[in-house]
Amino acid sequence: MSSNSFAYNEQSGGGEATELGQEATSTISPSGAFGLFSSDLKKNEDLKQMLESNKDSAKLDAMKRIVGMIAKGKNASELFPAVVKNVASKNIEIKKLVYVYLVRYAEEQQDLALLSISTFQRALKDPNQLIRASALRVLSSIRVPIIVPIMMLAIKEAAADLSPYVRKNAAHAIQKLYSLDPEQKEMLIEVIEKLLKDKSILVAGSVVMAFEEVCPDRIDLIHKNYRKLCNLLVDVEEWGQVVIIHMLTRYARTQFVSPWREDDGLEDNEKSFYDSDDEQKEKTDKRKKPYTMDPDHRLLIRNTKPLLQSRNAAVVMAVAQLYWHISPKSEAGIISKSLVRLLRSNREVQYIVLQNIATMSIQRKGMFEPYLKSFYVRSTDPTMIKTLKLEILTNLANEANISTLLREFQTYVKSQDKQFAAATIQTIGRCATNISEVTDTCLSGLVCLLSNRDEIVVAESVVVIKKLLQMQPAQHGEIIKHMAKLLDSITVPVARASILWLIGENCERVPKIAPDVLRKMAKSFTSEDDLVKLQILNLGAKLYLTNSKQTKLLTQYILNLGKYDQNYDIRDRTRFIRQLIVPNEKSGALSKYAKKIFLAQKPAPLLESPFKDRDHFQLGTLSHTLNAKAAGYLELSNWPEVAPDPSVRNVEVIDLAKEWTPAGKAKNENPTKKFYSESEEEEDSSDSSSDSGSESGSESGEEDEEGDSSEDSSEDSSSEPESESGHQSDTENRRAAKRNSKTKGKGDSKDGKKENEKSKTSDSSNAESSSVEESSSDSESESESESESESRKVTKEKEKKAKQDRNRLATDASLLDLDDFNPVSTPVALPTPALSPSLIADLEGLNLSTSSSVISVSTPVFVPMKTHVLLHRMSGKGLAAHYSFPRQPCIFGDKMVSVQITLNNTTDKKIENIHIREKKLPIGMQMHVFNPIESLEPEGSITVSMGIDFCDSTQTASFQLCTKDDCFSVNIQPPVGELLLPVAMSEKDFKKEQEFHG
């Protein structure tokens, strides 16, 4: 049998044979007590031999088994030398497993790991991203200060890596390096700042975690990335979402004003009775002023809402705490349903969620009242869950639901879990305290529990009754008498002490029972618990002061017993009471007031929730769970009185303008006069545009057409701002040419426009109804037919172009060269070269007959509704201004760009005399301002038009927007596309222009 199995093992091949053969030897070979150890030794020797083998299959099998050992919690550290030899293996699979092993044991075997550090450094340049990332992980796991510079260099290189996975690991390594050497903080902050700008969702969570560990107070690093993080939040991995949400919660508390202010302002209507009329008016005005939420504040709340449906409980909890801490109270209610959903999870999740609900339900009961039944206790719940549910039920109790809850509590009191039953009795006591209508009902129910067989239930009832009786002791003499009889049967110290305290406080109401109770207690004094002894001393002192005839000797006997007690607290209390109540020569002035001291009216205890003082900790944190500040806890700051400048987050306008401006040509003031490259004008305008554009581009010899278009599509899908600006630049080109055509003769453009409209309609219908090839062939055939009909115009066209070329060389005006953009032309088959407004003057003198009409301007297909902030309401003292580009011909001049400005008055007072002055314009730039506005009513809005000649450049137009009292410096910078108008040309003319311009 053994020979057969051995033969089978030989046939089955390398790894399995070794493993099975090894298991066989481990069961057969042991002899004596030493067998177990020898087999273990043999096992590791076998793995070492496999790692030193020349076969990759054996090495791979050995590494799989070693990693499996680590996963089971077994120690594989003695294999470190054998494993580290394979770190330079050419087999990718072996290399990955070796790095997994090294990450686990590099910190323990630092000396051996340092020997291979050159290999790790080489691996940082490996073409495989997994190897580069693993090498960085191993390098950061070697916790030796001497390699800090190497780690720093590796992190900097990895942060600039093309792979987002490697950049993610660079963010992880930042935290390890910071814990090893905090002096590297400044250099690490630079890397964090760079990684925060990363657009990859893979990197976002990790770099925010590094930010929280290294420099959580550097809020300024978040400003420019705030909106990006909000928008990426839905796509980031779950644990990254948790980290980002907690960080953004802290950020929001420092950057926005409280959304709860409106609720607070409406409470004190009747306070300032003696204030003057002016002061009263000011205060009411302040209260009436509506709260306007910052758009960025709203962005965060809106983008986190979908995450309430996450499958990860930590994400839901993070969003819940964000809503709790930063959203208006009216909107926070939506988190209750999601939190109740989490109660179906395992008990650990339930525990954390219930703790947070307990804190929330103290302040805002209404959120969870609809889900009252979800907090009913199940028999399968562990005790910790039961007590938390009791806590929440107590917080939610009111006059409407108390009867239902008390019936539920009656069942809980009979529970076999005595700790839970005791907690239920305490809950009944709190309900009786909070809701006066049921106080008597609860008290009678608790008295019934005094006859319960279970001592713990009786003891807890006594303690709770004692607290309830403090509120109205005069009415319940019978209950006190009943409890005095229980002293013989109750043994729980707390309950006995509570009864003695009650009798002592009410000794004048039960004058016959109290002395007898003291007599019984004097007998058992020496065997009582310390807590009970202290109350016996107190009872003796009170009776000595009120009924000294009957109790004088008894009290002295008890004081003598207490004088020699083993507990120093009791000895100390005895000496104090003796000096206070027994008069002698040494007695001080306090002896006169002994009765007032002992029998003073005590305030009734306030039965409060144990979660009441936890609300100063951020929900969902370890500190909140422990009710103590944990290491690394970052406190939430109070809301600022006035919001910091929100413009620090306004980075979109500038970035868009820069992104879409060709490198080195954005700020050219002396332009070369070229025709615009129409191949990229209408990329997104319609399907037919892109179809015929691709054909014309390929036929005219455009290079890299496919690469450019694929880059465009990836950019459009990955970056919303870029696509937005792309739309702007596309349609703005049309507008520029539209302005040009207005300076031509009307007769020149009529024929062209008619033909243009026909070709556009036919092309667009073809593009929508047929495939790419069909639409492109249609546009090609149309362009050929038109070129035949206009063959007589070619000579005049060439002469005109030659003259234009001479004009270009002689003029210093600047045009934006958009040839750097990706070529996608329009499918309109008219030879219509696009002209800049600056060429209009040169062309006015040309004699263009109707037969040579080649200019045709199309209307904008897309006019964005996007507005840009010109003046924020905080900076403008209540005056807010936004501007937009309507992409319509400017009525103030052909060279001017039309700008619409919307003015809003967010104050409760009238703003007068809004006008523009002190224009600071670059040379050549002109501005036509709007007429002064006499007044703008409170909460009013008005839209006015301006015209600005930007001189074909993206230079900023700066001026002052003034009111009657103030002046505010503002500026307008146009995106590139707003300087252009849409123009169409045929493929044939496009080729001519291409040849003409070389």
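Residues numbered from 1 in each chain as written. Predicted model: local features only at pLDDT ≥ 70, side-chain atom pairs only at ≥ 80, totals over all residues. Heavy atoms only, no water.

- An unreviewed UniProt entry annotates the protein as AP-3 complex subunit beta originating from Equus caballus.
- We quote the UniProt Sequence similarities (unreviewed entry) comment for the protein here in full: "Belongs to the adaptor complexes large subunit family." (UniProt positions renumbered as here; feature names shortened; annotations may be inferred.)

## Some details on the sheet that holds strand S3 (residues 897–905)
- With antiparallel pairing, the five strands of this open sheet are ordered in space as S1-S2-S3-S7-S5. In the strand order of this sheet, the two ends are held by strand S1 (868–871) and strand S5 (926–928), each with one partner. Each adjacent strand pair in this sheet contributes to an overall mean axis angle of 30 degrees, direction not counted.
- As paired elements, S1 and strand S2 (residues 879–884) share three bridges and run antiparallel to each other. If you follow His868 over to S2, its bridge partner there is Tyr883. (Pairing = 2+ DSSP bridges. Helix = DSSP H or I, 4+ residues; strand = E, 2+ residues; numbered from the N terminus. Axes fitted to C-alpha atoms, helices over the stretch in contact; angles between N-to-C directions.)

## Structural notes on the nonpolar core
- In this structure, Tyr101, Leu102, Leu339 and Phe375 are the most contacted members of the largest nonpolar core, which totals 193 residues.
- Considering every element that reaches this core, the biggest residue donor is helix H20 (residues 313–326), with eleven residues.
- Apart from residues lying up to four places away in sequence, Phe375 is in contact with Val340, Leu343, Leu354, Ile357, Phe368, Lys389, Ile392, Leu393 and Leu396.
- Counting residues in hydrophobic clusters, the runner-up holds 30 residues, among them Tyr883, Val899, Ile948 and Ala957. (Core = buried A, V, L, I, M, F, W, Y, C linked by side-chain atoms within 4.5 Å. Buried < 20%, exposed > 50% of the residue type's maximum accessible area, 1.4 Å probe, protein only. Contact = heavy atoms within 4.5 Å.)

## Overview of the pattern of salt bridges
- Applying the stated criterion across every chain, the model contains 28 salt bridges.
- In this structure, the salt-bridge partner of Asp381 is Lys389, at a minimum N-O distance of 3.0 Å.
- Its relative accessible area of 1% is what places Lys389 among the buried residues.
- A salt bridge links Arg430 to Glu391, with the nearest nitrogen and oxygen atoms 2.9 Å apart. Taken together, the positions of Arg430 in helix H25 (residues 418–434) and Glu391 in helix H23 (residues 383–396) put the pair 39 residues apart, joining distant regions of the chain.
- The class of Arg430 is buried, set by a relative accessible area of 11%. (Salt bridge = Lys/Arg side-chain N within 4 Å of Asp/Glu carboxyl O.)

## Some thoughts on a nonpolar patch on the surface
- Taken together, the side chains of Leu590, Tyr593 and Ile597 make up a nonpolar region of the molecular surface, amounting to roughly 300 Å² of accessible area.
- Tracing the backbone through its elements, the reader meets Ile597 in helix H34 (residues 594–598).
- For Ile597, a relative accessible area of 40% corresponds to the partly exposed category. (Patch = residues over 30% accessible without salt bridge, like charges linked within 9 Å, V, L, I, M, F, W, Y side chains within 5 Å. Areas by Shrake-Rupley, 256 points an atom, 1.4 Å probe, with all protein chains shown as cover.)

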